[in-house]
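Here is how the chains run, residue by residue.
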Amino acid sequence: GKSYIEGLSGLWCTSLGFNNERLVNAATKALKSLPFYHGFGAKSHPPGIELAEKLIQISPVKMSKVFFANSGSEANDTAVKILWMLNARKGNHFKRKIITRVNAYHGVTLGASSMTGKNYIKEFGLPFNEFIHADCPHYWKFGNNNESEENFTKRMAINLEKIILKEDPETIAGFFAEPVMGAGGVIPPSKGYFDSIQP
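Definitions and cut-offs
- Each chain carries its own residue numbering, running from 1 in the written order of its sequence.
- Under the rules for a predicted model, residues below a pLDDT of 70 receive no local features and side-chain atom pairs below 80 are neither given nor counted, while totals for whole chains, interfaces and linings still include all residues.
- By convention in this description, side-chain values take in all heavy atoms of the structure and omit both hydrogens and water.
- In this description a helix means any DSSP run of H or I spanning at least four residues, a strand means any run of E spanning at least two, and both kinds are numbered starting from the N terminus.
- Buried, partly exposed and exposed residues are distinguished by accessible area as a fraction of the type maximum, computed with a 1.4 Å probe on protein chains only: under 20%, between the cut-offs, and over 50%, respectively.
- In what follows, a contact means two residues having at least one pair of non-hydrogen atoms within 4.5 Å.
- Note: two strands are recorded as paired if DSSP finds a minimum of 2 bridges between them.
- By convention, orient the strands away from the viewer: a clockwise path from the first strand over the helix to the second makes the crossover right-handed.
- What makes a salt bridge here is a side-chain nitrogen of Lys or Arg within 4 Å of a carboxyl oxygen of Asp or Glu, nothing more.
- Two rings belonging to Phe, Tyr or Trp (six-membered ring only in the last case) form a pair when the distance between their centres is within 6.5 Å. Interplanar angles under 30 degrees mark stacking, angles over 60 mark edge-to-face geometry, and anything in between is tilted.
- Only when the NZ of Lys or the CZ of Arg is both within 6 Å of the ring centre and within 35 degrees of the ring normal is a charge said to sit over the ring.
- Nonpolar core, defined: a set of buried Ala, Val, Leu, Ile, Met, Phe, Trp, Tyr and Cys residues in which side-chain atoms within 4.5 Å join the residues together.
- As used in this structure description, the phrase polar contact means that two N or O atoms lie within 3.5 Å; if the pair is within protein, one of them must be able to donate a hydrogen and the other to accept it, and residues adjacent in sequence are counted only when both atoms belong to side chains.

The next point concerns the side chain of threonine 153. With respect to the element layout, threonine 153 can be found in helix α7 (residues 149-167). By relative accessible area, which is 3% here, threonine 153 ends up buried. Once you skip the residues sitting within four places of it in the chain, threonine 153 turns out to touch Ser190, Lys191, Gly192, Tyr193 and Ser196.

This part is about the pairing of strand β2 (residues 131-134). Sheet topology note: the strand β1 (residues 97-101)/β2 ladder contains four bridges and is parallel. Within β2, the residue paired with isoleucine 98 across the bridge is phenylalanine 131. For the segment spanning β1, helix α5 (residues 110-115) and β2, crossover handedness is right-handed.

Moving on, we come to the pairing of β1. The buried fraction of β1 amounts to five of the five residues, a majority that puts the element mostly inside the structure. Burial of the side chains of β1 extends over both faces: Lys97, Ile99 and Arg101 are buried on one face and Ile98 and Thr100 on the other. Bridge count between β1 and strand β3 (residues 172-175): three bridges; the pairing is parallel. Within the sheet, the bridge partner assigned to lysine 97 lies in β3 and is isoleucine 172.

In the structure shown here, the tally under the stated rule is six salt bridges. Residue arginine 101 pairs with glutamate 178 through a salt bridge whose shortest N-O separation is 3.3 Å. Pair noted here: arginine 101 is in strand β1 and glutamate 178 is in the loop between β3 and α8 (193-196), with a separation of 77 residues, a long-range link. The buried category is assigned to arginine 101, whose relative accessible area is 1%. For lysine 166, the salt bridge identified is with glutamate 167, shortest N-O distance 4.0 Å. A single network of salt bridges, built from pairs that share partners, joins Lys97, Lys166 and Glu167.

This part covers the packing of aromatic side chains. One pass over the full model with this rule turns up four aromatic pairs. Over the aromatic face of tryptophan 84 sits the side chain of arginine 96, whose NZ or CZ is 3.9 Å from the ring centroid.

Core analysis: the largest hydrophobic core is formed by 11 residues, namely Ile99, Ile132, Ala134, Phe152, Met156, Ala157, Leu160, Ile163, Ile172, Tyr193 and Ile197. Of all elements in the fold, only β2 and α7 reach the threshold of two or more residues within this core. No other element matches α7, which puts five residues into this core. Tyrosine 193 has contacts with Arg101, Pro137, Thr153, Met156 and Phe175, leaving out every residue within four places of it along the chain. Within the second largest apolar cluster, seven residues are counted, among which are Trp84, Met115, Phe131 and Ala173.

What follows covers the environment of glutamate 178. When its relative accessible area of 12% is taken as the criterion, glutamate 178 is described as buried. Residues glutamate 178 and alanine 88, 90 residues apart in the sequence, show an inter-C-alpha distance of 26 Å. In contact with glutamate 178, other than residues within four places in its own chain, are Arg101, Ala104, Tyr105, His106 and Phe194. At 3.0 Å, the side chain of glutamate 178 forms a polar contact with the backbone nitrogen of tyrosine 105.

Turning our attention to the environment of glycine 17. Along the polypeptide, glycine 17 turns up in the loop between α1 (9-12) and α2 (21-33). Sequence-wise, glycine 17 and glutamate 6 are 11 residues apart; in three dimensions their C-alpha atoms are separated by 8.9 Å.

Quick look at the structure:
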């Protein structure tokens, strides 16, 4: 007889609520027209095309393509594989290292788990060698005494640059960072963080 608030929304997948009539009707309509069709090998279907066009239209950055994946883990693994493939095709076979951040969460596959900067991945023998973790930009927790938020952000950028130089910039394929570190504690980056790490 108790009521509970689903604060995590089923890990953010049910934010529109349970038994939402509008969603039930939309799913029923979709199942009646095309229960399932893949998007593999240059194939598609009308709802996928419409969604891709809408995402391109509302995207905050200019883009011309959308690549759908089944999960965040798969999306992150695919992004890494695309970086590795592009670099290999350009003859940059050593440009494979991926930088993420301590306390970040990127998924459960082996690649995405290697990107994840949580302590428990050591139990799986991860991260793989090509995955490196930079500092967590959590000012409240990791800021030094009397260090302003702006100076903390500068320190994060300097430390990231040190990692890149230590590893050799010619071996770095990419840097992955959530806009807000969700599983890390819903941590927004320190002030100016993403401005300070622009190339």
